[in-house]
Each structure stands twice: as structure tokens, then as C-alpha cells.
Amino acid sequence: MRALVTGGNRGIGYAMARGLRARGCDVVIGARNDAAGAEAATALGCDHVHLDLEAPETFAPAIDAAGPVDILINNAGILIEDSMIDHPDGLRRSMQVMLHGPFQLILLCLPHMARAGAGRIINVSSGWGAYDEGLEGPGGYGVAKAALNALSHALPRDLPKGVSVNAMCPGWVHTRMGGQAAPRTPEEGADTALWLALDAPADLTGKFFRDRHEKAW
């Protein structure tokens, strides 16, 4: 199986790519910084593509270069904490990176998945985007993650047979975005995505998970 991990050159995405490689998957990482993507891919022993979620013109060439994708992990994200009122462009950027971009990548990967009659899509979300947890994400982050959750919940009714989509929360992870105080390792954050990609029941779809347990939206 071939897997594409966006934002796979560092942090949780890197841990996901490494975990998939360890399980025998052909892995492609997407990175907005092509040099950083190439360096990470060399270390991982996998392929890479230039993929900038704020530059839609990179999407189709990246998917063409990646080849048929059986597992898509929409991991790339940004954290803009500015007020949505004072800095409305932060919401626009957040929605592009964490909703519109992932949806466009799903559309590009679906033709192969439909032909194969199988495919797994994992959207990396956050408890900060969960109404059940008070939608506490700062700036546009929580709004964009809530929208990604909604997409993950509603999309199964339109997906081809055999293709699943689920959202997951990695928790508070020690990465450049999460900060040094975060208690979880990237490997711990990546675990649920790897489970959804490789081990969860194939018909499990439209759900939200943390630590392999379903959680409320």
C-alpha cells in the first residue's frame, strides 16, 4: 500500500511516516519546503513531493508524482492565535490549510481508491475543534478543525464503497507547534492515525478518535 502524509517532514507527520514505513508501506511525504521534505525523506528512506496547502497549484502535480495513494493522512496544519476580528486573514489561511486543502487532496486521491474498492483517509484534527470540549482552539484554529471534523463526519455518505474517512486527535504533542511543555511524544500522537490506517476495521468510518477510542464531536 502507498501512503501520503502531508506535513510529513517533521513532528507528528514524520512519526506517522516512520511508523507506516516500519509496517511495510510505501510512503510519500508532502512538505511545503521542498528542501526540508527531501532531507526528511532521505532520513526516512521514502519518497517526497512538494505540497503546500496554501498553494493549490501544487496539489495535482504532487498527487501525480506520488502515484496511486491508498492511504491519505491529512496531517499538515497551522496554528494562528491572532484574533479573528483583528486579523481575519488568519481564519482564511486556517480554513485553507485544514479544510479546503485536505478536501481537494481527497478528491484527487479518490479516483484510484474507487477503482481499487478500498482506501483510508485520516484527517488529523484536535480536541480544540470539538464542540464536546468547548471549541477552545485559539484564533481560526478551532474553527478550522471543527470544520474538518464536520467533513469527516458527513463525507462517508458520498464516498465510494470501500473507502473510509475518520478524524483523530493526537493530543498535546511535543512538537514545534505543540511546544516544549507538551507531555506526549510524536510517536504517541501518531499512534491512532497508524491504527486507523492499517489496523482498524475497514468499514469503520465517519468517526472521531483519540488514543484509539471514539470520542464525541
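J.: Got a minute to help me understand the overall build of the chain in this structure?
T.: Per the secondary structure count, the chain includes 6 helices and 8 strands. Moving toward the C terminus, one meets the helices and strands of the chain in the order β-α-β-α-β-α-β-α-β-α-β-α-β-β. On C-alpha atoms alone, the chain measures out to a radius of gyration of 16 Å, which is about the 17 Å that the 2.2 N^0.38 rule sets for 217 residues. In terms of overall dimensions, the chain has a C-alpha envelope of 45 × 40 × 35 Å along the principal axes. Across the 217 residues that make up the chain, the buried fraction comes to 53%.

J.: Sorry if this is basic, but what is going on with the packing of helix α3 (residues 59–66) against helix α4 (residues 89–116) here?
T.: If you want to describe how two helices pack, look at the angle between their axes and the distance between the axes. Contact geometry of α3 with α4 gives a least axis separation of 10 Å together with a crossing angle of 45°. Between α3 and α4, the interaxial angle falls into the category oblique. Judged by the sense of rotation from one axis to the other, the crossing of α3 with α4 is right-handed. Residue-level contacts link F59, A60 and I63 of α3 to Q96, G101, Q104, L105, L108 and C109 of α4. The class makeup of the residues in the contact of α3 with α4 is 6 nonpolar, 3 polar and no charged.

J.: Whenever I open this one, unusual backbone geometry confuses me. Can you help?
T.: The residue L135 is not glycine, and still its phi comes out positive at about 50°. Along the polypeptide, L135 turns up in the loop between β5 (119–124) and α5 (141–154). Taking relative accessible area as the criterion, L135 reaches 28% and is therefore assigned partly exposed. Here D211, not a glycine, exhibits a phi torsion of approximately 50°, which is positive. Relative to the helices and strands, D211 is located in the loop between β7 (208–210) and β8 (213–214).

J.: Teacher, can you tell me more about the pairing of strand β3 (residues 47–50) here?
T.: Looking along a regular strand, one sees the side chains alternate between the two faces of the sheet. Pairing geometry for strand β2 (residues 26–31) and β3, over 4 bridges, is parallel. Within β3, the residue paired with I29 across the bridge is H48. Between the parallel elements β2 and β3, the chain passes through helix α2 (residues 34–44) in a crossover that is right-handed.

J.: How should empty space enclosed by the protein be read in this particular structure?
T.: Any space left empty among the atoms is revealed by the rolling of a water-sized probe across them. One pass over the structure, following the stated rule, counts 1 cavity of 30 Å³ or more. The volume enclosed by the largest cavity comes to roughly 50 Å³. Taken together, R120, I121, I122, S164, V165, N166, L196, A200, P201, A202 and L204 make up the lining of the largest cavity. At the level of elements, β5 and β6 (163–168) are the ones that each hand at least two residues to the lining of the largest cavity. Across the lining of the largest cavity, the residue classes tally to 8 nonpolar, 2 polar and 1 charged.

J.: Mind showing me how you'd approach the nonpolar core here?
T.: Nonpolar side chains in soluble globular proteins tend to end up buried together. In this structure, L72 and I121 are the most contacted members of the largest nonpolar core, which totals 33 residues. Elements with a minimum of two residues in this core: α3, α4, α5 and β6. Ignoring sequence-local partners within four residues, the contact set of L72 consists of L4, L105, I106, C109, M113, R120, I121 and I122.

J.: What is the right way to look at the sheet that holds strand β4 (residues 71–74) in this model?
T.: Within a sheet, adjacent strands bond to each other through the backbone by hydrogen bonds, running parallel or antiparallel. Pairing is mixed across the open sheet formed by 8 strands, whose spatial order is β3-β2-β1-β4-β5-β6-β7-β8. The open sheet has two edge strands with one neighbour each: β3 and β8. For β5 and β6, the ladder comprises 6 bridges, and the chain directions are parallel. Bridge pairing in β6 places V124 opposite M168.

J.: For this particular structure, what's the right way to read the packing of aromatic side chains?
T.: Two aromatic rings are characterised by how far apart their centres lie and by the angle between their planes. For the structure shown, the criterion picks out 3 aromatic pairs. When the centroid spacing of 5.8 Å and the interplanar angle of 90° are considered together, the rings of W128 and Y141 count as edge-to-face. Residue W128 is located in the loop between β5 and α5, and its partner Y141 is located in helix α5; the two are separated by 13 residues in the primary sequence. Overall, Y141 belongs to the buried group, its relative accessible area being 8%. Between W195 and F209 the ring centres are 5.4 Å apart and the planes differ by 75°, which places this aromatic pair in the edge-to-face class. Note that W195 is positioned in helix α6 (residues 186–198) and F209 in strand β7, a separation of 14 residues in sequence. Owing to a relative accessible area of 14%, W195 belongs among the buried residues under this scheme.

The rules behind each value
- Residues numbered from 1 in each chain as written.
- Predicted model: local features only at pLDDT ≥ 70, side-chain atom pairs only at ≥ 80, totals over all residues.
- Heavy atoms only, no water.
- Helix = DSSP H or I, 4+ residues; strand = E, 2+ residues; numbered from the N terminus.
- Rg over C-alpha atoms; globule rule 2.2 N^0.38 Å.
- Buried < 20%, exposed > 50% of the residue type's maximum accessible area, 1.4 Å probe, protein only.
- Axes fitted to C-alpha atoms, helices over the stretch in contact; angles between N-to-C directions.
- Parallel < 35°, antiparallel > 145°, perpendicular 65-115°, else oblique.
- Left-handed = near helix turned anticlockwise from the far one by under 90°.
- Contact = heavy atoms within 4.5 Å.
- Nonpolar A, V, L, I, M, F, W, Y, C, P; charged D, E, K, R; others polar.
- Pairing = 2+ DSSP bridges.
- Right-handed = clockwise from strand over helix to strand, strands pointing away.
- 1 Å grid on protein atoms, 1.4 Å probe; cavity = no way out; pocket = protein on both sides within 12 Å on 5 of 7 lines; lining within 4 Å.
- Points joined across faces, edges and corners; volume = space filled by probe spheres on them.
- Core = buried A, V, L, I, M, F, W, Y, C linked by side-chain atoms within 4.5 Å.
- Phe/Tyr/Trp six-rings, centres within 6.5 Å; stacked < 30°, edge-to-face > 60°.

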